[in-house]
Every structure is written in structure tokens, then in C-alpha cells.
Amino acid sequence: MKVYFIGAGPGDPDLITVKGQRLIAACPVCLYAGSLVPETVVAGAPEGARVLDTAPMTLDEIMEEIGAAAARGEDVARVHSGDPSLYGAIAEQIRRLKAMGIPYEIIPGVSAYAAAAAALGRELTVPEVSQTVILTRTAMKSSAMPAGEDLATLGASGATLVIHLSVRNLLEIERQLAPLYGADCPVVVAYRVGWPDELFIEGTLSDIRAKVRAEKITRTALIFVGRALGEVDFRDSALYDGAYPHVLRPKKAVVR
């Protein structure tokens, strides 16, 4: 018996991995985060499988279901949105699984930030503009941010920021980042990426809050901040530059 933590991607059922899809189809128990994972993702569970939406369940209730499946010798597909390693709350489940002696495996998935960048048609790492992407969140009603991970500290790098779980904190984001990035810095708020009602709101640090408020978005959104989002005047990468030989493209000999 094994528990499989499966990244289902951000919402589009076509973005789940082949391995994740195969395991859902094979496991007699499927526990999925229904608030973020559409039912179509788990529709391929075997006939007669125990399929439960864990959105209204507590951690204790989820672990009870897994423990019962272990007693029956049944594999469990534990389906999370995006990639389980990012804000997936799997660490606390893994800690309990280890205490219970239940084996597990993590199947990676497409992260919402990657799907959003693809849908926007943008590269987040633009030469000489931004070569670093920082995934973070802000402290609201959830657990506090660790020391040194506040926006002012992270923003001092000038990196492209991808801010999770913070769309109701845009005033504070503007307050902390405008002095670092400039009030005119491009911002994109990506709402329900991969779902039929996905929406992208583009603006700047100075006007994005009003635009988001007008759309009445209060949850399930990512915030992208950085100059790479709007940059069009940048140098080409050295990757395909003929003037930069490398091991797969050695310098051509000069014929005399």
C-alpha cells in the first residue's frame, strides 16, 4: 500500500502528468482538494473507487481515511492542485504518514505560475532584466512569514516576484514594493489559471488594486510583479548567439 501525492496542475485537466493520470485510474481510494482540483481530473478513478473531496475535511479526518485504506491494503491517490511541493500542505501529511509507517511518493505537477506565464505568452527570466524568480506569499490570517522573507527584503533583489495567497493584500504589496520597483512596475494578477473562467488583469503597482477590486476578485489568484513582465527592449540570450560557442556548438574552424 502507498499514498501518492499527485500534482493535478492548476485546473486544466489536460495539464496533469501521464503518471498522475495513470495513478488516479489505478487507486481504489482518491482524496482530492475539490476547492482547487476540478472533478474532471478525478473522473478517471476506477469504478467503485472511494472518491472524496477533502475541502471540507480536517487533517485528522483525511488521515483517518488514509489509515483505513492502509488497513485494507489499498493505494491512495491524494490529489493536490498545481505542484504539491508549493503551498500544498503535504509536509504535515507526510509527517503523519511517517509516524504511521505508511509509504508515500510525490508525483510533481504543473505549477500555477508556470501555467500562467504560458497563458500570458511571457518568459519570466529576461536577459539582463531579471534572471531570478521568487515564489512567496504575504502574512495575513495564515501562518507568519519567517524572518527575512518579508516583501521588502525579497523585493530588494529586483527579481520577478510571484506572490501567492495575497490578492486581498494588494495595498501592502504596493506599499512595500513601489519604492523598490517603481510605481509604474508591471503587475499581472492571474485568476483561476487553467479554469474556464480564468482571467488576467494587467496593470502597475499603482493601479492594480483598483483594477482587481473592479473585477471583485478576492481569492484563487497569483500576483506577478517585475520589470520582465513588460520589457521589450532587451538583448538576445547567449544561448543561440553565434558569437558564443559552447560544448554543443563549438567554435567553427576558420578555413584559409
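Residues numbered from 1 in each chain as written. Predicted model: local features only at pLDDT ≥ 70, side-chain atom pairs only at ≥ 80, totals over all residues. Heavy atoms only, no water.

By the naming in an unreviewed UniProt entry, the protein chain is Precorrin-4 C(11)-methyltransferase, taken from Algicella marina. As recorded by UniProt, the Sequence similarities (unreviewed entry) comment attached to the protein chain reads in full: "Belongs to the precorrin methyltransferase family." (UniProt positions renumbered as here; feature names shortened; annotations may be inferred.)

**Student:** Got a sec to walk through the sheet that holds strand β9 (residues 199-204)? Specific residues and values, please.
**Tutor:** Taken in spatial order, the five strands make up an open sheet running β6-β7-β10-β8-β9, and their pairing is mixed. Among the strands making up the open sheet, the edge pair consists of β6 (133-137) and β9. When the angles between neighbouring strand axes are averaged without regard to direction, this sheet yields 20 degrees. Across three bridges, strand β7 (residues 160-164) lies against strand β10 (residues 221-225) in antiparallel orientation. (Pairing = 2+ DSSP bridges. Helix = DSSP H or I, 4+ residues; strand = E, 2+ residues; numbered from the N terminus. Axes fitted to C-alpha atoms, helices over the stretch in contact; angles between N-to-C directions.)

**Student:** Tell me what's going on with the side chain of Ser166, and back it up with residues and numbers.
**Tutor:** Structurally, Ser166 is set in the loop between β7 and α6 (170-181). Once residues lying within four places of it in the same chain are set aside, the contact partners of Ser166 are Arg137, Thr138, Met140, Ile173 and Ile223. (Contact = heavy atoms within 4.5 Å.)

**Student:** Tell me what's going on with the packing of aromatic side chains, and back it up with residues and numbers.
**Tutor:** The final tally for this structure, using the stated rule, is one aromatic pair. When the ring centre of Trp195 is taken as reference, the NZ or CZ atom of Arg192 above it lies at 4.1 Å. (Phe/Tyr/Trp six-rings, centres within 6.5 Å; stacked < 30°, edge-to-face > 60°. Lys NZ or Arg CZ within 6 Å of the ring centre and 35° of its normal.)

**Student:** Tell me about the pattern of salt bridges, residues and numbers included.
**Tutor:** Evaluation of the coordinates by the stated rule reveals ten salt bridges. Here Glu105 makes a salt bridge to Lys2, at a shortest N to O gap of 3.3 Å. Linking Glu105 in strand β5 (residues 104-107) with Lys2 in the segment before β1 (3-7), this pair joins segments that are 103 residues apart in sequence. The shortest N-O distance in the salt bridge between Glu202 and Arg122 comes to 2.7 Å. Placement of Glu202 in strand β9 and of Arg122 in the loop between α4 (112-120) and β6 is noted, with a sequence separation of 80 residues between them. Take Glu202: its relative accessible area is 41%, and that puts it in the partly exposed class. You can call Arg122 partly exposed: its relative accessible area is 26%. Through salt bridges with shared partners, one network takes in Lys2, Lys19 and Glu105. (Salt bridge = Lys/Arg side-chain N within 4 Å of Asp/Glu carboxyl O. Buried < 20%, exposed > 50% of the residue type's maximum accessible area, 1.4 Å probe, protein only.)

**Student:** Outline the packing of helix α2 (residues 59-72) against helix α3 (residues 91-100), listing residues and values.
**Tutor:** The interhelical angle for the contact between α2 and α3, taken along N-to-C directions, is 40 degrees, at an axis separation of 11 Å. Viewed along their axes, α2 and α3 adopt a mutual orientation that is oblique. The two elements α2 and α3 meet at a crossing, and its hand is right-handed. Judged by residue contacts, Leu59, Asp60, Ile62, Met63, Ile66 and Gly67 of α2 engage Glu92, Gln93, Arg96, Leu97 and Met100 from α3. Looking at the contact of α2 with α3, its residues break down into six nonpolar, two polar and three charged. (Parallel < 35°, antiparallel > 145°, perpendicular 65-115°, else oblique. Left-handed = near helix turned anticlockwise from the far one by under 90°. Nonpolar A, V, L, I, M, F, W, Y, C, P; charged D, E, K, R; others polar.)

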